[in-house]
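Residue-level listing of the chains:
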Amino acid sequence: MNAVQPSGLNINLGDDCSRKAYNWAKQTFGNRAGKAGMACVKVDGGFANLLDFNGVKIGISSDGIGTKIEVAERTGIYHTLGFDLMAMIVDDLAANGIEPTTLSNILDVDFLDPDIIDDLMRGLHDAANECGVAVSGGEIAELGTRMNGYGPRMHFNWCATGIGILHPNLKKPIDGSAVQVGDAVMAFRSRGFRSNGFSLLRTIMREQFGAEWHTVKYDDAQTWGEVLLTPSRIFAPMICRLLSEGVGIKGIAHITGGGIASNFERVTKVNTLEAALDHLFPPLEMMQKVMELGQVTAETAYRYWNMGNGMLFVMTPSEADAVIRLSAECGFNARRVGTIIPKKI
């Protein structure tokens, strides 16, 4: 059996395109210099940005859920996608110390299916309640043949923009500038693939199980379609709880597309540091099975998926035990996974 190659899935290309897009965006920051709406985050690669409206600082971030949508189309389970969309937005905000407050979404469809839309918005409602966010509104756009997907029902793409306020215990965004050698690296345990790397996942499933892979049994209780649809854990409320308790978080990485190395580098590169990550959460069982099925190397897996580590954050070692205790009280599994070290030349 040959290893499934991530054909057409080039992480480096994606990073390069993101840099190009952001470089053009940065050139517009001067349009608001000295005016309401001026950008505050100066470090490239932040997960969100902070805008200054005459002293009131508002965070903003946009994202979507990508091709995980096809798994919902295959299984007919739509209500969990709201947790994925919410997590992608609010966890990016929390990664810069921003408390999420409000979300607006846009749903592009080929044609209207009221039942699917009801399931999607019910899930978004439940996710919003979990993290104390108001869904202020949105838009549904009918795009006809511009949209396609699996099966005969409504096909769609779902994206959103979220805003929030800088956490009241912070004077400036968390951007990694306070990270120093010897700091502890902590992680929150994820519960699935979240909403990233699904093009590679679907390739592996199709190669191993054929066109109807989503119906193949994963175990006695679930199909592969159902287990890959596991909704994202939302970490923003726990991050805000830690900040409210006075925990001095110096840097946060939301582990999404690009995996651990690419995302955590956003935190360590500010002071030209790196991390020795020698105690990461082990891959979830579903991830291990996918790696075995597709003969995916660890290097590839850790570049596409979170591998059981949903968020990484940095603080002084003396606070690690308090973080583990507070997280457990709220139902989150946290552990110390490494240490900040000088960057090797």
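Everything discussed here concerns the structure shown above.
Cut-offs used in this document
Residues numbered from 1 in each chain as written. Predicted model: local features only at pLDDT ≥ 70, side-chain atom pairs only at ≥ 80, totals over all residues. Heavy atoms only, no water. Helix = DSSP H or I, 4+ residues; strand = E, 2+ residues; numbered from the N terminus. Rg over C-alpha atoms; globule rule 2.2 N^0.38 Å. Buried < 20%, exposed > 50% of the residue type's maximum accessible area, 1.4 Å probe, protein only. Salt bridge = Lys/Arg side-chain N within 4 Å of Asp/Glu carboxyl O. Core = buried A, V, L, I, M, F, W, Y, C linked by side-chain atoms within 4.5 Å. Pairing = 2+ DSSP bridges. Axes fitted to C-alpha atoms, helices over the stretch in contact; angles between N-to-C directions.

## Some points on the overall build of the chain
Helix and strand counts for the chain come out as 11 helices and 11 strands. Scaling as 2.2 N^0.38, a compact globule of 345 residues should have a C-alpha radius of gyration of about 20 Å, and the chain matches this with 20 Å. A principal-axis box enclosing the C-alpha atoms of the chain has dimensions of 50 × 45 × 40 Å. Within the span of the chain, comprising 345 residues, buried residues form 48% of the whole.

## Re the pattern of salt bridges
Under the counting rule described, the total for this entry stands at 13 salt bridges. The shortest N-O distance in the salt bridge between Asp52 and Lys57 comes to 3.7 Å. For Asp52, a relative accessible area of 15% corresponds to the buried category. Close ionic contact of Asp84 with Lys68 constitutes a salt bridge, the shortest N to O distance being 2.9 Å. Within this pair, whereas Asp84 is found in helix α3 (residues 81–94), its partner Lys68 is found in helix α2 (residues 68–75), the two being separated by 16 residues in sequence. You can call Asp84 buried: its relative accessible area is 0%. Via salt bridges that share partners, Arg241, Glu245, Arg325 and Glu329 belong to a single interconnected network.

## Section: the nonpolar core
Counting 95 residues, the largest nonpolar core has Met86, Phe156, Trp158, Phe188, Leu228, Ile249 and Trp305 as its most contacted members. Examining the composition of this core, we find that 10 residues originate from one element, α3, more than from any other.

## Notes on the sheet that holds strand β11 (residues 334–342)
Consider a sheet: its strands pair through backbone hydrogen bonds, and that pairing is either parallel or antiparallel. Taken together, 5 strands build an open sheet; the order of strands is β8-β10-β7-β11-β9 and the sheet is antiparallel. Among the strands making up the open sheet, the edge pair consists of β8 (251–254) and β9 (273–277). The mean inter-strand angle of the sheet, taken between neighbouring strand axes irrespective of direction, is 30°. Where β9 lies against β11, 5 bridges are found, and the strand directions are antiparallel.

## Concerning the sheet that holds strand β5 (residues 134–142)
Spatially, 6 strands are ordered β1-β2-β3-β6-β4-β5 in an open sheet, and the strand pairing comes out mixed. Pairing within the sheet leaves two strands with one partner each, and these edge strands are β1 (38–39) and β5. Judged from the 8 bridges that link them, strand β4 (residues 98–109) and β5 form a sheet pairing that is parallel. Counterpart to Thr102 in the pairing with β5 is Ala134.

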